[in-house]
Amino acid sequence: MDRIERIGQVAEIMHDYVANKQTFLTDKTKRVSVRSYTDPDQWKAEMELVFKRVPLMLAFTAELPNPGDYKAMDAVGMPVLINRDKAGKVRAFLNVCSHRGAPVANEGHGNCPRFTCKYHGWTFGQDGKLIGISEASKFGEVHKSEMGLRELPCQEKAGMIFVVLTPNAPIDVDAFYRGFLDDFEALDFDKWTYMGSRVIEGANWKIAYDGYLEGYHFASLHPETIFPRTPSNCMHYEGFGPHQRIGFPHHKIAEALKDIPRDQWGTQENNGFDFVRIMFPNVSAFIAPEITQVAQLFPGPTPGENRTVLNYLRREPIRDEEDRANVEAAMNFFRDVTYTEDYLIGLEIQKGLETGAHDELVFGRNERGNQYFHEWLDWYLQDDPDLPEPQM
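Computed from a prediction, not measured in an experiment: that's the story for all the values here.

Cut-offs used in this document
- Residues numbered from 1 in each chain as written.
- Predicted model: local features only at pLDDT ≥ 70, side-chain atom pairs only at ≥ 80, totals over all residues.
- Heavy atoms only, no water.
- Phe/Tyr/Trp six-rings, centres within 6.5 Å; stacked < 30°, edge-to-face > 60°.
- Helix = DSSP H or I, 4+ residues; strand = E, 2+ residues; numbered from the N terminus.
- Buried < 20%, exposed > 50% of the residue type's maximum accessible area, 1.4 Å probe, protein only.
- Axes fitted to C-alpha atoms, helices over the stretch in contact; angles between N-to-C directions.
- Parallel < 35°, antiparallel > 145°, perpendicular 65-115°, else oblique.
- Contact = heavy atoms within 4.5 Å.
- Nonpolar A, V, L, I, M, F, W, Y, C, P; charged D, E, K, R; others polar.
- Core = buried A, V, L, I, M, F, W, Y, C linked by side-chain atoms within 4.5 Å.
- Pairing = 2+ DSSP bridges.
- UniProt positions renumbered as here; feature names shortened; annotations may be inferred.
- Polar contact = N/O pair within 3.5 Å; in protein donor to acceptor, adjacent residues only side chain to side chain.
- Left-handed = near helix turned anticlockwise from the far one by under 90°.

**Examining the packing of aromatic side chains**
In total, this model carries 27 aromatic pairs according to the counting rule given. Centre to centre, the rings of Phe280 and Tyr380 are 5.3 Å apart; their planes meet at 20°, and the pair counts as stacked. In this pair, Phe280 is assigned in the loop between β16 (273–279) and β17 (283–286) and Tyr380 in helix α11 (residues 368–382), connecting sequence segments 100 residues apart. The class of Phe280 is buried, set by a relative accessible area of 1%. On the basis of relative accessibility, which here comes to 15%, the residue Tyr380 falls in the buried class. With 5.6 Å between their ring centres and 70° between their planes, Phe333 and Phe334 make a pair best called edge-to-face.

**A few points about the packing of helix α3 (residues 40–51) against α11**
Where α3 meets α11, the closest approach of the two axes is 9 Å, and the angle between their N-to-C directions is 80°. Put simply, α3 runs roughly perpendicular to α11. Within the contact between the two elements, α3 uses Gln42, Ala45, Glu46, Leu49 and Val50 and α11 uses Leu377, Tyr380 and Leu381. For the contact of α3 with α11, the per-class residue count stands at 6 nonpolar, 1 polar and 1 charged.

**So, the nonpolar core**
Counting 92 residues, the largest nonpolar core has Leu58, Ile82, Met160, Leu165, Leu181, Phe184 and Met279 as the members making the most contacts within it. No other element matches α11, which puts 6 residues into this core. Once you skip the residues sitting within four places of it in the chain, Leu165 turns out to touch Phe51, Lys52, Leu56, Leu58, Ala75, Val76, Met78, Val80 and Leu152.

**Overview of the sheet that holds strand β13 (residues 193–202)**
Read from one edge of the open sheet, 7 strands run β13-β19-β18-β17-β16-β15-β14, paired in antiparallel fashion. The sheet is open, and its two edges are formed by β13 and β14 (236–240), each paired on a single side. On average, each strand axis in the sheet is inclined to that of its neighbour by 20°, with strand direction left out of account. With 4 bridges joining them, β17 and strand β18 (residues 292–299) adopt antiparallel strand pairing. Paired with Phe286 across the two strands is Gln293, which belongs to β18.

**A closer look at the UniProt feature "domain: Rieske" (unreviewed entry) in the chain**
On the UniProt side, "domain: Rieske" (unreviewed entry) is annotated at positions that read residues 56–163 here. As annotated, residues 56–163 comprises 4% helix and 44% strand, and the C-alpha atoms at either end are separated by 5 Å.

**Considerations on unusual backbone geometry**
Of note, the bond from Phe280 into Pro281 is cis; its omega dihedral lies within 30 degrees of zero at 10°. With respect to the helices and strands, Pro281 occurs in the loop between β16 and β17. Unlike most non-glycine residues, Lys21 shows phi in positive territory, near 50°. With respect to the helices, strands and loops of the structure, Lys21 is situated in the loop between α1 (3–20) and β1 (30–33). For Lys21, a relative accessible area of 74% corresponds to the exposed category. We note that Asp188 has phi near 55°; this positive angle belongs to a residue other than glycine. For Asp188, the location among the structural elements is in the loop between α6 (182–186) and β13. Accessibility expressed as a relative area gives 38% for Asp188, which makes it partly exposed.

**Some points on the side chain of Gln268**
Mapped onto the secondary structure, Gln268 falls in the loop between α9 (253–257) and β16. Separated by 3.0 Å, the side chains of Gln268 and Thr267 make a polar contact.

**Focus on the side chain of Glu269**
Structurally, Glu269 can be placed in the loop between α9 and β16. For Glu269, the side chain forms a polar contact with the side chain of Arg277, separated by 2.9 Å. In contact with Glu269, not counting residues within four places along its chain, are Phe275, Arg277 and Ile287.

**Regarding the packing of helix α7 (residues 205–212) against helix α10 (residues 321–354)**
Interaxial distance between α7 and α10 falls to 9 Å at its minimum, and their mutual angle equals 135°. The angle between α7 and α10 falls in the class oblique. Seen from above, α7 lies across α10 with right-handed handedness. The residues of α10 that touch α7, namely those facing Ile207, Ala208 and Tyr212, are Thr338, Tyr343, Gly346, Ile349, Gln350 and Leu353. For the contact of α7 with α10, a count of residues per class yields 6 nonpolar, 3 polar and no charged.

Printed below as a string of structure tokens:
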């Protein structure tokens, strides 16, 4: 079955959900220990067994379109430098000088032929090799070939750049994503334009992430923003290994699709239904015609904190200053809605969980996306590849 046919089938399922006031249901509820959101030992295990082992989506092709472009960022406390060399190849390094450990690039975006440490002026090429030592004759013997930046495994695919935060670790993006990236390739995501980002902070990263995985809360938490378009507690879930494509039908899905031939329903995303694409462990992408939001949720320095980068992209580049102003306003609007309507309640949840009022949280049969995420997280934390993988 091809991609369009499969999406068409999902659209038909969601059409029936709305008509019959139903949703995707699994066979049982699932309980998750409150310690998952508060315990320092679990937080450390998540860093070592998940965030430093799997390919994380850290950047977009659109952020580094030209040779010499780079992005320097923090990812779960790791300073990372991603750049595109003069041949067009994308590489990733730890942004740490081999002399005394200072960064070789300031956080953010730029373009340069080489990287120079601001502490003592050592310089490194786009391939990470050490190419210059300040006043080398006075420094002493150094084997430059052994003093390059520490490279990280990196692959570019479907308009995104994936990095494993452990040097010399294996990386196989195709094997990890299991066809999930086909949606982005079909959209020519590598040709889109990066509009910018906004940063928000909140509670434990899983409290925030849980909110992206269900629409059970739309009527109560988003009565004026999401609920007028999208019914509450009406979702469809598909699994691609640990990743998910979550379907959210519109109230008016029947009206939107009534004149569309049934074999074309798979081409109608954003017309009658939307998808949220969940990239394990920490990315949520909502693709819309006007502007797309891709959220990267990074665990913070303590179990009770997260730092979320909200990235915005669209197909067309900025046309003029008026267009730029409109884009900035849209980014601020989505940032404000995400923070005030989702992250503030998350902070209240964190406070509540830390009281010890309850030992467990329960995810309903209708919250299969949350269940599936926690099942996969547990699978990684058990660190036993012979264990059977969770199934949707």
